[in-house]
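# Notes for the structure review
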Amino acid sequence: TILSTNDSSNGMSDVARLRVITSASSTSKIYQTTNSEITLGKYSCTTLLRLRNIASTTEKYNVIFGRVADNNSSSTDGVYFIYDRYGNASSGVASDNWLCVCKIGASITTVNSGIIPTTTTPQKLSIDINSSTDAKFFINNVLVATISTNVFRGLGGFNLGIYKILGTGTDDVLSDYAYYSYELNTPRI
């Protein structure tokens, strides 16, 4: 990952931004393990991002944002957004849109958000996971999916990553910010 400053050449005009980039054959990600279970509280994560390029038949990659059990592109367990144009990742679903995914082991619930990732205007992606019932997915503050099955609440961490599948060029995700919060049902003093 690279943190750049004072560079508005890519359309992101903030003073600082995060750039998650692949090389010809690598994966790049930010993964922060929280080592906590959501059964003890609520979890939310948000990012403002845009893609540098749309995946193509010669440059294939996946973008994952959310909470996952591990930090690879085919996470066994998780609650996350995924851009998977060719169906190469854990969702197994090809789509030009952001997909909303809740997955535990072999059980998966995927909802198509109907929203295409952009290369020009940043999109705000947010996920709220309630400790007892469901996960809500928002794009630009609009609810695009509510999933109440296969909502992963076990040990895991925050992930913003781009995973190279095929190609020799660089691909990247540009983010103004990315953060997560975890609120316990019984706060510690």
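Here the structure is a predicted model, which is why all the values come from computation and not from measurement.

Attention now moves to the overall build of the protein chain. Regarding its fold elements, the protein chain presents zero helices and 13 strands. Each helix (α) and strand (β) of the protein chain, taken in turn from the N terminus, gives the series β-β-β-β-β-β-β-β-β-β-β-β-β. With 189 residues in all, the protein chain has 47% of them scored as buried. Sequence separation of at least 24 residues holds for 63% of the intrachain contacts in the protein chain that already meet a minimum separation of 6. With the model as given, the accessible surface of the protein chain reaches about 8,400 Å², and the carbon-plus-sulfur share is 49%.

By size, the foremost hydrophobic cluster in this structure holds 29 residues, and its most contacted members are Val63, Val79, Phe81, Trp98 and Phe137. For this core, the element with the most residues is strand β4 (residues 41-51), which contributes four residues. Membership of the second largest hydrophobic core comes to seven residues, among which are Ile64, Val68, Leu99 and Val101.

With that out of the way, let us pick up the pairing of strand β5 (residues 60-68). For β5, the buried fraction is high: nine of the nine residues fall into the buried class. Here β5 runs beside strand β12 (residues 157-166); their pairing, made up of nine bridges, is antiparallel. Note that in β12 the partner of Arg67 across the bridge is Phe158. Strand direction decides the pairing type here: β5 and strand β6 (residues 78-83), joined by six bridges, are antiparallel. Across the sheet, Arg67 pairs through a bridge with Val79, a residue of β6.

A separate point is the environment of Val144. Here Val144 shows up in strand β11 (residues 142-147). For the pair Val144 and Ile115, spaced 29 residues apart in sequence, the C-alpha to C-alpha distance is 8.5 Å. Non-local contacts of Val144, meaning those with residues more than four positions away in its chain, are made with Phe81, Cys100, Val111, Ser113, Ile115, Phe137, Phe138 and Ile139.

Here we take up unusual backbone geometry. Unusually for a residue other than glycine, Asn140 sits at a positive phi of about 50°. Mapped onto the secondary structure, Asn140 falls in the loop between β10 (135-139) and β11. On the basis of relative accessible area, Asn140 is assigned to the partly exposed category, the value being 41%. Backbone geometry places Asn150, a non-glycine residue, at a positive phi of 60°. Here Asn150 is to be found in the loop between β11 and β12.

Once that is clear, we can look at the side chain of Thr109. Structurally, Thr109 can be placed in strand β8 (residues 107-112). Its relative accessible area of 18% is what places Thr109 among the buried residues. Among the polar contacts listed, one links the side chain of Thr109 to the side chain of Thr149, at a separation of 2.6 Å. Of the polar contacts made by the side chain of Thr109, one reaches the side chain of Asn150; its length is 2.8 Å. Contact partners of Thr109, with chain neighbours within four places excluded, come to Cys100, Val101, Cys102, Ile147, Thr149 and Asn150.

Our next topic: the confidence of the model for the protein chain. Across the protein chain, the average pLDDT comes to 75, with 69% of residues at or above 70. Of the regions scoring below 50 in pLDDT, residues 1-16 engages in 36 contacts with residues more than four places distant in sequence or in other chains.

Calculation rules
Residues numbered from 1 in each chain as written. Predicted model: local features only at pLDDT ≥ 70, side-chain atom pairs only at ≥ 80, totals over all residues. Heavy atoms only, no water. Helix = DSSP H or I, 4+ residues; strand = E, 2+ residues; numbered from the N terminus. Buried < 20%, exposed > 50% of the residue type's maximum accessible area, 1.4 Å probe, protein only. Contact = heavy atoms within 4.5 Å. Areas by Shrake-Rupley, 256 points an atom, 1.4 Å probe, with all protein chains shown as cover. Core = buried A, V, L, I, M, F, W, Y, C linked by side-chain atoms within 4.5 Å. Pairing = 2+ DSSP bridges. Polar contact = N/O pair within 3.5 Å; in protein donor to acceptor, adjacent residues only side chain to side chain. pLDDT = per-residue confidence, 0-100.

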